[in-house]
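Here is what each chain is made of, one letter per residue.
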Amino acid sequence: MGYARSCSVALVGVEGVVVEVQADLEPGVAAFTLVGLPDKSLVESRDRVRAAVVNSGAEWPQKKLTVGLSPASVPKSGSGFDLAVACAVLGAAERIDPASIADVVMIGELGLDGRVRPVRGVLPAVLAAAEAGYEHVVVPEQTAGEAALVPGVSVLGVRSLRQLIAVLCDEPVPDEPRDDRGRPDAMLAGLMVPGTGLGAGLAAPRGEGHTPDLADVAGQPRPRKALEVAAAGGHHLLLSGPPGAGKTMLAERLPAVLPPLTRQESLEVTAVHSVAGILPPGEPLVSRAPYCAPHHSATMQSLVGGGNGMPRPGAVSLAHRGVLFLDEAPEFSGKALDALRQPLESGHVVVARAAGVVRLPARFLMVLAANPCPCGRHTLTGAGCECPPSTVRRYQARLSGPLRDRVDLRVEVEPVDRADLLGQGGRGEPTAVVAARVREARARAAERLAGTPWTTNSEVPGHELRTRLPAAPGALAAAERDLERGLLTARGLDRVLRVAWTVADLRGAPRPEARDIAVALELRTGIQRGAPMEAGTR
């Protein structure tokens with residue numbers, strides 16, 4: 001009787017569980033049994049592994065073979081277990097030393113000819129292996145750069161099962177030629193899910209081409225200032241106005257204003273994108289804030305996550321540490337919009353399905369764009385809006401009160417006049433200038449919040465703002481009056497305080513003063529209070 005074991009990783013959402021792959025050979029009729037709660041794609045690995053072993057020059061054992069995946073209570077899916085299953089079988093057959101693979105985590109799909117194909121989710125799988133104390137990982141050659149992002153782990157990238165057998169047996173490693181006929185590498189097809197990327201609303205400009213710049217936006221000084229405040233403090237933003245005023249242009253330029261991702265944030269975003277199958281080959285680490293803009297026909301499952309079996313990341317997770325832009329927000333279903341309430345507050349989303357409960361990261365900056373009425377001409381003078389008042393009210397009520405209450409900044413985007421459109425009023429500040437101010441404001445907030453679990457003003461709880469981080473004496477008088485009149489809720493008052501701290505950080509003040517509260521109230525309620533937006537600058 002022969003026995004050997006190796007290790008692999010089962011992904012549950014964006015978290016991994018180390019799985020021990022055990023192979024046992026017994027005398028009897030040749031058979032291959034796979035146990036341990038595998039799904040359909042994993043059950044099919046029996047045929048893939050057998051063909052790959054034989055075509056790699058090794059002999060398939062003609063005995064009763066049982067492969068167990070432990071722990072058996074964890075659902076296992078995907079083809080990433082192929083490499084570990086093949087090595088466990090070869091170890092049980094004594095083709096390789098069982099001790100050499102006992103503490104090695106192996107991730108990869110096997111082709112029938114023995115080539116090792118890349119799979120999605122390598123980064124979170126290697127992170128899980130490192131947290132479990134494993135130091136050696138074998139992955140497909142194409143994803144070795146992604147796996148190498150995890151510190152303290154020795155990564156071996158292999159191109160075929162033949163190469164791995166040679167390395168484990170200390171034999172000469174055979175050379176596997178590449179396919180250099182000028183066509184796309186078919187081995188990379190497993191990393192990208194068809195229909196993702198731009199088609200899923202994820203847009204991250206790469207390579208050559210025009211980069212959107214804030215200087216391209218004509219006029220709109222108040223929305224531009226609101227965009228700067230949103231980027232500096234991580235505040236959610238609602239842009240209301242007629243079509244063609246520049247709402248989408250402003251939202252598309254917000255990711256470039258945000259600071260670059262930190263190392264930890266980059267790993268979080270890369271892990272989500274790797275599991276979702278939208279991590280582009282050749283870019284193992286996402287260093288810029290993502291921008292996700294799903295269509296208004298998106299379902300609730302596509303926004304918050306779902307799918308058959310174990311839930312997959314939705315748009316809120318794909319926009320983690322970046323921007324989620326909902327254009328034509330009232331056209332989204334009410335169910336889908338209300339499902340955003342939990343991630344807006346907690347920074348994560350919990351999706352429960354029959355196959356299990358998954359917790360996905362979802363700390364994003366939400367930008368809503370809305371027209372005033374179905375035709376969009378309600379606020380334009382002489383534009384001929386024919387929408388009845390009841391229709392306008394119903395259209396605007398599609399954004400529910402609880403959802404609006406979670407939006408810190410509400411700005412009216414006015415139509416662009418002829419002088420601004422023709423450049424007679426001068427160009428606005430470019431993205432680089434605004435981004436520099438945002439970085440300085442974020443640095444002030446990070447220094448003030450050092451030693452706490454928060455990094456931006458939008459994350460600080462209201463209790464901390466009212467006790468540890470108070471505003472200047474008498475600065476909250478206007479906000480307290482609005483609270484007594486019912487114009488602000490308790491949550492709204494906390495959010496006004498958060499925005500006021502961001503406005504103070506942008507102008508370099510040690511704490512919010514009355515004019516900072518006035519700017520925050522105007523941005524929060526949309527009611528003109530005579531507070532100059534220049535109060536938010538130095």
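Each remark here, short or long, concerns the structure printed above.
Quick look at the structure, then. (Residues numbered from 1 in each chain as written. Predicted model: local features only at pLDDT ≥ 70, side-chain atom pairs only at ≥ 80, totals over all residues. Heavy atoms only, no water.)

**Quick notes on the environment of Val 416**
Move 1: Residue position: Val 416 is located in the loop between strand E16 (409–412) and helix H17 (418–421).
Move 2: Judged by relative accessible area, which is 27%, Val 416 ranks as partly exposed.
Move 3: With residues up to four places along the chain from it excluded, the contact list for Val 416 reads Ala 218, Gln 220, Ala 245 and Leu 421. (Helix = DSSP H or I, 4+ residues; strand = E, 2+ residues; numbered from the N terminus. Buried < 20%, exposed > 50% of the residue type's maximum accessible area, 1.4 Å probe, protein only. Contact = heavy atoms within 4.5 Å.)

**What about the environment of Val 116?**
Move 1: The residue Val 116 is located in strand E7 (residues 116–117) in this model.
Move 2: Taking the C-alpha atoms as reference points, Val 116 and Gly 157, 41 residues apart in sequence, are found 9.6 Å from one another.

**What about unusual backbone geometry?**
The bulk of non-glycine residues show a negative phi, and the bulk of peptide bonds are trans.
Move 1: Note the cis peptide between Ser 70 and Pro 71, where omega equals 10°.
Move 2: With a phi angle near 65°, Leu 37 is a residue other than glycine that sits in the positive phi range.
Move 3: Inspection of the secondary structure puts Leu 37 in the loop between strand E3 (31–35) and helix H1 (40–43).
Move 4: Leu 37 gets classed as partly exposed once you look at its relative accessible area, which sits at 46%.
Move 5: If you check the backbone angles, Glu 94 has positive phi at about 65° while not being a glycine.

**Topic: the sheet that holds strand E15 (residues 365–370)**
Move 1: On the basis of which strands lie adjacent, the open sheet formed by five strands has the order E11-E12-E15-E10-E16 and parallel pairing. Edge positions in the sheet fall to strand E11 (291–292) and E16, since each has one partner strand and no second.
Move 2: The pairing of E11 with strand E12 (residues 323–326) spans two bridges and is classified as parallel. Across the sheet, residue Cys 292 finds its bridge partner in E12, namely Leu 324.
Move 3: Each of strand E10 (237–240), E15 and E16 is contacted by helix H7 (residues 221–233), which is oriented at about 165° to E16, the strand it contacts most. (Pairing = 2+ DSSP bridges. Axes fitted to C-alpha atoms, helices over the stretch in contact; angles between N-to-C directions.)

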